[in-house]
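Breakdown of the fold
This is what each chain is made of:
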Amino acid sequence: MNIPVFKPLIDKKTIKAAVKSLEVGWLGMGKSVDEFEKKIKSICKLRNKYVVSVNTGYSAIHTALILMNIKKGDEVITPAFNNIADLQSIISVGGRIVFADIDKSLCLDPLKLEKLITKKTKAIIVCDYGMGIANHNQIKLIANKYKLRVLHDAAHSFGSVYKKKMIGSFSDIAMFSFDPVKTITAIDGGAIIVNTKKERDLAHKIRLMGMGQSSNVMYKNKRAWTYDVETHGYRYHLANLHAAIGISQINDFRLIKKTRINTVKYFNKNIENNPIFEKPILNTKIVPFIYHLRVKNNLREKFMKYLSQNGIDTGIHWQPGNKFKLFKKLKSDHLTETNKVANEIVTIPLHSNMKLQDQKKITKTINSFFKINIKKFNQH
Ligand SMILES: Cc1ncc(COP(=O)(O)O)c(C=O)c1O
């Protein structure tokens, strides 16, 4: 079997936590969900913030856009180089996607942001990518100038630090994903981080189909039999089993963080510098989610095939939004960096607690691809 791109760290403790949760027999939302939210708050040092967990990252983004009051016809600026969840969530609230370009960090380029703002612009979704963090301070200045709300998609940067502040602690609204491949997984799950009790209470209702007082009752492994339905909502709540797995993952966070950083250091040291690949820069305050290379000179497909034939899977994060049929009509002629990056980007395997043997195999194979192809590169 090839070395997979993603491999969650499911150790005996996580399996035990899952079994125990099943044995308790309260399968829906309950005590573990409350505990998971408290764990997120504590590990991410989100003092004065409110954490509301939901069943996916997509649900988190959708809920956040509802809290931001994004309505039909409102424009939301977000990078085209993005996860589909951000784009679909904008459509889900009736908003209009405005594609932004990225800069060298592979995150939204603040220098190109202002000219995208119109009278209809209501919000910006800023997304951290891989092991890069967006230029949040600069983006916030622009957002403040035009009174726009900012949703911080921190699906890739859980537990990381930006300018001495924990991710999630400085945004209007931030979101995390705990999907099967994320640094911390709950098999599937997500969370939003909000500033006010009012937003928390509304998010509690939205995730339980508008039911008023249910969240607090369910936190005790109980059901509220009488309640009011106060707002339009969705079935977005997290189940105890997922939360129990998430808690166990957070308990392993130190190991997860340390081993991911060490593997990235190993790759950066041992993948030889050469003109074909551009390696990512490791900011040590990051808990790396994916390790990407930019493969130049139209060699990406060949590179991916070579690695696959040598027992290593690779991935593409991402195909940009402007390439998809659904978004073809959106303005995209300004996306110069996006289109360049989209043709070069490749994800190589990065796991928590990755075996040294796998790290060695990956670097050796990449270096041998370089040796075979450098001659051809020089001929161009
Ligand atoms: C940047 C980003 N945002 C949002 C999501 C959506 O999260 P989920 O898969 O939990 O719905 C993902 C998922 O890969 C992502 O990478």
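What to know about the packing of helix 2 (residues 31–43) against helix 8 (residues 240–251)
- Where helix 2 meets helix 8, the axes come as close as 8 Å, and the angle between the chain directions of the two elements is 30°. In terms of orientation, helix 2 and helix 8 fall into the roughly parallel class. Between helix 2 and helix 8 lies a crossing whose hand is left-handed. Counting all contacts with helix 2, which are made through Ser32, Val33, Glu35, Phe36, Lys39 and Ile43, the residues of helix 8 involved are Asn240, Ala243, Ala244, Gly246, Ile247 and Ile250.
- A per-class count over the contact of helix 2 with helix 8 returns 7 nonpolar, 3 polar and 2 charged.

Quick word on the domain arrangement of the protein
- Domain parsing of the protein yields domain 1 (12–251) and domain 2 (253–379).
- Computed over C-alpha atoms, the centres of domain 1 and domain 2 are 27 Å apart.
- Across the contact, 26 residues belong to domain 1 and 30 residues belong to domain 2.

So, the packing of helix 3 (residues 57–67) against helix 6 (residues 197–207)
- Axis separation between helix 3 and helix 6 bottoms out at 10 Å; the angle between their running directions is 130°. Our classification of the angle between helix 3 and helix 6 gives oblique. For the crossing formed where helix 3 meets helix 6, the hand is right-handed. Residues Thr63, Ile66 and Leu67 of helix 3 pack against Glu199, Leu202, Ala203, Ile206 and Arg207 of helix 6.
- By residue class, the composition of the contact of helix 3 with helix 6 is 5 nonpolar, 1 polar and 2 charged.

A word on the pairing of strand 4 (residues 121–127)
- For strand 4, the buried fraction is high: 6 of the 7 residues fall into the buried class.
- Two strands pair when backbone bridges link them, and strand 4 and strand 5 (residues 149–153) are joined in this way by 5 bridges, in the parallel orientation. The partner of Ile124 across the bridge, within strand 5, is Val150.

Topic: the site of the ligand
- Lining the immediate surroundings of the ligand are 13 residues, of which Gly57, Asn83, Ala85, Ala155 and Ser177 lie closest.
- Counting only elements with at least two residues in the shell around the ligand, the list comes to helix 3 and helix 4 (84–92).
- Residue composition of the shell around the ligand, grouped by class: 4 nonpolar, 6 polar and 3 charged.

Notes on the sheet that holds strand 12 (residues 345–348)
- Strands sit in the order 10-11-12 across an open sheet of 3 strands; the sheet is antiparallel. The strands lining the two open edges of the sheet, one partner per strand, are strand 10 (277–278) and strand 12.
- Where strand 10 meets strand 11 (residues 291–295), 2 bridges bridge the pair, whose relative direction is antiparallel. Along strand 11, the bridge assignment pairs Phe277 with Val295.

Structural notes on the sheet that holds strand 3 (residues 96–100)
- Read across the open sheet, the 7 strands follow the order 1-9-8-5-4-2-3; overall the sheet is mixed. Either end of the sheet is taken by a strand with one partner, and the two such strands are strand 1 (50–54) and strand 3. Averaged over neighbouring strand pairs, the angle between their axes works out to 20° when direction is ignored.
- Bridge analysis of strand 2 (residues 75–79) against strand 3 gives 5 bridges, and the strand direction is parallel. In the strand pairing of strand 3, Glu75 is matched with Arg96.

Some thoughts on the environment of Asp128
- Relative to the helices and strands, Asp128 resides in the loop between strand 4 and helix 5 (136–145).
- Residue classification places Asp128 among the buried residues on the basis of 26 C-beta atoms within 10 Å.
- C-alpha of Asp128 to C-alpha of Ser105: the two residues are 23 residues apart in sequence and 8.9 Å apart in space.
- Sequence-distant contacts of Asp128, that is, excluding residues within four places in its chain, are made with Cys107, Ile133, Ala134, Ala154, His156 and Ser157.

Calculation rules
- Residues numbered from 1 in each chain as written.
- Predicted model: local features only at pLDDT ≥ 70, side-chain atom pairs only at ≥ 80, totals over all residues.
- Axes fitted to C-alpha atoms, helices over the stretch in contact; angles between N-to-C directions.
- Helix = DSSP H or I, 4+ residues; strand = E, 2+ residues; numbered from the N terminus.
- Parallel < 35°, antiparallel > 145°, perpendicular 65-115°, else oblique.
- Left-handed = near helix turned anticlockwise from the far one by under 90°.
- Contact = placed C-beta atoms within 7 Å.
- Nonpolar A, V, L, I, M, F, W, Y, C, P; charged D, E, K, R; others polar.
- Domains from an automatic or database assignment.
- Buried ≥ 20, exposed ≤ 12 C-beta atoms within 10 Å, placed from the backbone.
- Pairing = 2+ DSSP bridges.
- Near = placed C-beta within 6 Å.

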